[in-house]
Amino acid sequence: MKEKKDWQSYEELIYQIYKELDPVAEVKMNDKILGLETQKERQIDISIRSNIAGHDILMIVQAKNYKKPADIKIVGEFDSVIRDLRASKGILICSAGFTRTAKEYAKRLKIDLYTAHDASKVDWQTEIQIPVIKKV
């Protein structure tokens, strides 16, 4: 059996968090969605589809398991995907956090930034006992 790569385990952690946060929503991992502008299939780490007051909502989540904070380039690339899919919301999660300029840019674009850590992993030094997602 093939061992999972770190990034795959990280995406699965984020997927499990969102499944638990909204058990009614349709949450998919490694989703493929056709871009409305580019007419190209886009790979989405986690998609969340829901219906609020009769309106279909699509949220997309990009999970980055990086050793260094994600920069403004990552935010810009993700924004282009959000626009291409006409997603209602974009959520970018990076294990190492984000640079100051990435945070400022994401705020202007209304992209939510988070960090997430698996508290069951030995390499994460904290006292928390459950998976955590933190807004940055």
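Residues numbered from 1 in each chain as written. Predicted model: local features only at pLDDT ≥ 70, side-chain atom pairs only at ≥ 80, totals over all residues. Heavy atoms only, no water.

Visitor: Lay out the overall build of the protein in plain terms, naming residues and giving numbers.
Guide: On a plain count of helices and strands, the protein comes out with 3 helices and 6 strands. In the protein, buried positions account for 37% of the 136 residues. Contacts spanning at least 24 positions in sequence make up 48% of the contacts within the protein whose residues lie at least 6 apart. In the form shown here, the protein has an accessible surface area of approximately 9000 Å², with 52% of it arising from carbon and sulfur atoms. (Helix = DSSP H or I, 4+ residues; strand = E, 2+ residues; numbered from the N terminus. Buried < 20%, exposed > 50% of the residue type's maximum accessible area, 1.4 Å probe, protein only. Contact = heavy atoms within 4.5 Å. Areas by Shrake-Rupley, 256 points an atom, 1.4 Å probe, with all protein chains shown as cover.)

Visitor: So what's going on with the side chain of serine 47? Which residues, and what values?
Guide: Counting through the fold element by element, serine 47 comes out in strand 2 (residues 41-52). A polar contact is formed between the side chain of serine 47 and the side chain of arginine 49, at a distance of 3.1 Å. Those residues in contact with serine 47 that sit more than four places away from it in its chain are Glu26, Val27, Lys28, Asp31, Ile33, Leu58 and Met59. (Polar contact = N/O pair within 3.5 Å; in protein donor to acceptor, adjacent residues only side chain to side chain.)

Visitor: Break down unusual backbone geometry for me, citing the residues and quoting the values.
Guide: Positive phi, close to 50°, is recorded for alanine 53, a residue that is not glycine. We classify alanine 53 as exposed; its relative accessible area is 73%. We note that lysine 110 has phi near 65°; this positive angle belongs to a residue other than glycine. Within the secondary structure layout, lysine 110 lies in the loop between helix 3 (100-109) and strand 5 (112-117). Taking relative accessible area as the criterion, lysine 110 reaches 63% and is therefore assigned exposed.

Visitor: Any chance you could break down the pattern of salt bridges for me, citing the residues and the numbers?
Guide: Taken as a whole, this structure holds 8 salt bridges when the rule is applied. Residue lysine 28 pairs with glutamate 26 through a salt bridge whose shortest N-O separation is 3.4 Å. Its salt-bridge partner being aspartate 31, residue arginine 49 comes within 2.8 Å of it at the nearest N-O pair. With arginine 49 in strand 2 and aspartate 31 in strand 1 (residues 26-34), the pair connects residues that are 18 residues apart, well separated along the chain. (Salt bridge = Lys/Arg side-chain N within 4 Å of Asp/Glu carboxyl O.)

Visitor: How would you explain the nonpolar core if you had to name every residue and give the values?
Guide: By size, the foremost hydrophobic cluster in this structure holds 19 residues, and its most contacted members are Ile60, Leu92, Phe98 and Ile111. Taken together, the elements giving at least two residues each to this core come down to strand 3 (55-64), helix 2 (72-85), strand 4 (89-94) and helix 3. With 6 residues, helix 2 is the largest single contributor of residues to this core. Other than its neighbours up to four places away in sequence, isoleucine 111 contacts Val75, Phe78, Asp79, Ile82, Gly90, Leu92 and Ala106. Tyr10, Ile14, Ile46 and Ala116 belong to the second largest nonpolar core, which has 14 residues in total. (Core = buried A, V, L, I, M, F, W, Y, C linked by side-chain atoms within 4.5 Å.)

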